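Listed here are the chains, written in short residue letters.
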Amino acid sequence: MKQTDLLQTSATYLKGVGPGRAEVLGKELGIFTFADLLNFFPFRYIDRSRFFKISELLSNFAEVQIIGTISGFNTVQQKRGSRLTATFSDSTGSMELVWFKGMKWVKDSLKLNTPYVIYGKVNPFQGSYSMPHPEMELLSDYESSLRTAMQPVYRSTEKLAAKGITEPV
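In what follows, the accompanying structure is described. Numbers given for residues are sequential positions, taken from 1 along each chain in its written order. Totals for whole chains, interfaces and linings use every residue, but because this is a predicted model, local features are given only for residues with pLDDT of at least 70 and side-chain atom pairs only at 80 or more, for both listing and counting. With hydrogens and water stripped out, all remaining heavy atoms of the structure feed into the side-chain values.

## Considerations on the overall build of the protein chain
A count of helical and extended segments in the protein chain gives six helices and nine strands. Whereas a compact globule of 169 residues would reach a radius of gyration of roughly 15 Å, the protein chain reaches 21 Å, over 25% beyond that. Dimensions of the protein chain along its principal axes, counting C-alpha atoms only, are 60 × 35 × 30 Å. Across the 169 residues in the protein chain, those meeting the buried criterion constitute 33%. Numbering of helices and strands runs from the N terminus, with a helix taken as a DSSP run of H or I at least four residues long and a strand as a DSSP run of E at least two residues long. Within these notes, the globule rule equals 2.2 Å times the number of residues to the 0.38 power, and the radius of gyration is based on C-alpha atoms. Buried residues are those whose accessible area, probed at 1.4 Å on protein chains only, stays under 20% of the maximum for their type, while exposed residues exceed 50% and partly exposed ones sit between those limits.

Following this line, the structure appears as structure tokens:
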């Protein structure tokens with residue numbers, strides 16, 4: 001089989017795709033063949049090369065990553081439900097991390113006084129900063145992973161997610 005013939009092979013035949021996922025890939029993203037998949041590029045990249053200090057944060061920052069530790073949790077009652085907050089600190093200051101969902105899992109799985117890398121959007125809040133639902137990873141896991149500093153972001157839809165077609169982490 002010639003290389004050009006192989007590139008025109010239906011995406012159905014890719015390992016793990018099959019007819020159902022191939023149909024969704026075609027309808028949602030225009031990916032019908034191996035060649036289409038090879039030419040499906042990210043629409044943007046996330047720059048995870050820089051670490052910020054809490055004292056450097058500004059309200060106009062998009063997303064930032066910070067190394068620090070959690071010193072404690074607090075459950076705050078609200079009109080509708082509650083939220084979990086955590087005090088996150090580095091050598092220059094502290095900020096609040098906030099979760100509105102998955103609070104029990106967060107509280108049970110995160111370790112106090114252990115270095116974490118957090119990533120997310122900072123929001124100014126009462127003269128300080130907060131970060132809702134941050135991505136979190138133990139610093140030791142972050143240092144041993146093989147990820148690159150520039151991470152691709154691909155277009156996606158709810159139909160793709162429903163078929164189990166998500167971005168690799």
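## Points about the pairing of strand 5 (residues 116–121)
For strand 5, the buried fraction is high: five of the six residues fall into the buried class. Between any two strands, at least two bridges found by DSSP are needed for them to pair. Where strand 5 and strand 8 (residues 135–138) come together, four bridges link them in antiparallel fashion. Residue pairing across strands places I118 opposite M136, the latter belonging to strand 8.

## Observations regarding the environment of D47
Relative to the helices and strands, D47 is located in strand 1 (residues 44–47). Each C-alpha atom, one on D47 and one on T157, is 23 Å from the other, the two residues being 110 residues apart in sequence. Under this definition, polar contacts are N or O atom pairs within 3.5 Å; protein pairs additionally need one hydrogen-donor-capable and one acceptor-capable atom, and for neighbouring residues in sequence, both atoms have to be side-chain atoms. A polar contact of 2.5 Å, which involves the side chain of D47, links it to the side chain of S49.

## Some words on the sheet that holds strand 4 (residues 93–99)
Pairing is mixed across the open sheet formed by seven strands, whose spatial order is 6-7-4-3-2-5-8. Edge positions in the open sheet fall to strand 6 (123–125) and strand 8, since each of these has one partner strand only. Strand-to-strand, the axes of this sheet are offset by a mean angle of 40°, without reference to chain direction. Where strand 4 meets strand 7 (residues 128–132), three bridges bridge the pair, whose relative direction is parallel. If you follow V98 over to strand 7, its bridge partner there is P132. Lines fitted to C-alpha atoms define the axes, with helix axes restricted to the stretch in contact, and inter-axis angles between N-to-C directions lie between 0 and 180 degrees.

## Let's talk about unusual backbone geometry
In the Ramachandran plot, N113 falls in the positive-phi region, its phi being about 55° despite a non-glycine side chain. In this fold, N113 is placed in the loop between helix 4 (103–109) and strand 5. Owing to a relative accessible area of 58%, N113 belongs among the exposed residues under this scheme. Of note in the backbone geometry, H133 takes a positive phi value of approximately 40° without being a glycine. Mapped onto the elements of the fold, H133 is located in the loop between strand 7 and strand 8. The class for H133 is partly exposed, based on a relative accessible area of 38%.

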